[in-house]
Amino acid sequence: MHEFLVEITTVIPEGISEEEVDRRRAAEAVRARELAATGHLARLWRPVGERRSIGVWRAADEALLRAEVLGSLPLWPWMTAVVTPLEPHPNDPGPA
């Protein structure tokens, strides 16, 4: 699998009920755990004070990442994503 740095911004459309937002957020948490268990979601951060996330995601290629991995997130219809393919750096110290 290839690794990708993904910056995701979620904007809830006007007129969406709080119940629908809560339902999707709960489903999003479940799906994120599933994707982590299958190796597709490696790490996820939220910058302090911001409503976006930055993560390291894995997939066979970017098309599959967008269609089958990110596209499976319940909040995906409300998200925009900037995807950057990653490759190992020769000076990477490896996992901590």
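Each remark here, short or long, concerns the structure printed above.
**Student:** Give a detailed account of the sheet that holds strand E2 (residues 41-45), specifying residues and quantitative values.
**Tutor:** What the four strands build is an open sheet, ordered E2-E3-E1-E4; its pairing is antiparallel. Every other strand in the sheet has two partners, leaving E2 and strand E4 (79-86) as the edge strands with one partner each. This sheet shows a mean twist of 20° between the axes of neighbouring strands, independent of strand direction. As defined by bridge partners, strand E1 (residues 2-10) adjoins strand E3 (residues 52-59) across eight bridges and the pair is classed as antiparallel. If you follow Thr9 over to E3, its bridge partner there is Arg52.

**Student:** Summarise the side chain of Ser53; cite the residues concerned and give the values.
**Tutor:** Of note, Ser53 is situated in strand E3. Ser53 sits in the buried class, given a relative accessible area of 15%. In this structure, Ser53 is in contact with Val6, Glu7, Ile8, Leu44, Trp45, Arg46 and Pro47, ignoring residues within four places of it in sequence.

**Student:** Kindly report on the pairing of E1, identifying the contributing residues and their values.
**Tutor:** Sheet topology places E1 next to E4; eight bridges connect them, and they run antiparallel. Bridged to Thr9 within E4 is Thr80.

**Student:** Before we move on, could you go through the pattern of salt bridges and cite the residues and values that matter?
**Tutor:** Inspection of every chain in the model, using the stated rule, returns seven salt bridges. Glu7 is the partner of Arg52 in a salt bridge, and the nearest nitrogen-oxygen pair spans 3.0 Å. Separated by 45 residues along the polypeptide, Arg52 in strand E3 and Glu7 in strand E1 bring together distant segments of the chain. For Arg52, a relative accessible area of 24% corresponds to the partly exposed category. The closest approach of N and O atoms between Glu20 and Arg23, which form a salt bridge, is 2.7 Å. One end of the pair is Glu20 and the other is Arg23, both in helix H1 (residues 18-37) and three residues apart, which spans about a single turn.

**Student:** An account of the layout of surface pockets is needed here, citing residue identities and associated values.
**Tutor:** The space that makes up the largest pocket amounts to roughly 420 Å³. As for the largest pocket, its lining consists of 18 residues, of which Thr10, Glu28, Arg46, Leu75 and Met79 are closest to the centre. Looking at the lining of the largest pocket, the elements that each hand over two or more residues are E1, H1, E2 and E3. For the lining of the largest pocket, the leading source of residues is H1, giving four residues. Looking at the lining of the largest pocket, its residues break down into 11 nonpolar, two polar and five charged.

**Student:** With reference to specific residues and values, describe the nonpolar core.
**Tutor:** Judged by nonpolar contacts, the single largest core of 17 residues is most densely connected at Val6, Ile8, Trp57, Leu65, Leu70 and Val83. Within the residue set of this core, elements represented by two or more residues are E1, H1, E3, helix H2 (62-69) and E4. Setting aside residues up to four positions removed in sequence, Leu65 forms contacts with Phe4, Val6, Trp57, Arg58, Ala59, Leu70, Gly71 and Val83.

Calculation criteria
Residues numbered from 1 in each chain as written. Predicted model: local features only at pLDDT ≥ 70, side-chain atom pairs only at ≥ 80, totals over all residues. Heavy atoms only, no water. Pairing = 2+ DSSP bridges. Helix = DSSP H or I, 4+ residues; strand = E, 2+ residues; numbered from the N terminus. Axes fitted to C-alpha atoms, helices over the stretch in contact; angles between N-to-C directions. Buried < 20%, exposed > 50% of the residue type's maximum accessible area, 1.4 Å probe, protein only. Contact = heavy atoms within 4.5 Å. Salt bridge = Lys/Arg side-chain N within 4 Å of Asp/Glu carboxyl O. 1 Å grid on protein atoms, 1.4 Å probe; cavity = no way out; pocket = protein on both sides within 12 Å on 5 of 7 lines; lining within 4 Å. Points joined across faces, edges and corners; volume = space filled by probe spheres on them. Nonpolar A, V, L, I, M, F, W, Y, C, P; charged D, E, K, R; others polar. Core = buried A, V, L, I, M, F, W, Y, C linked by side-chain atoms within 4.5 Å.

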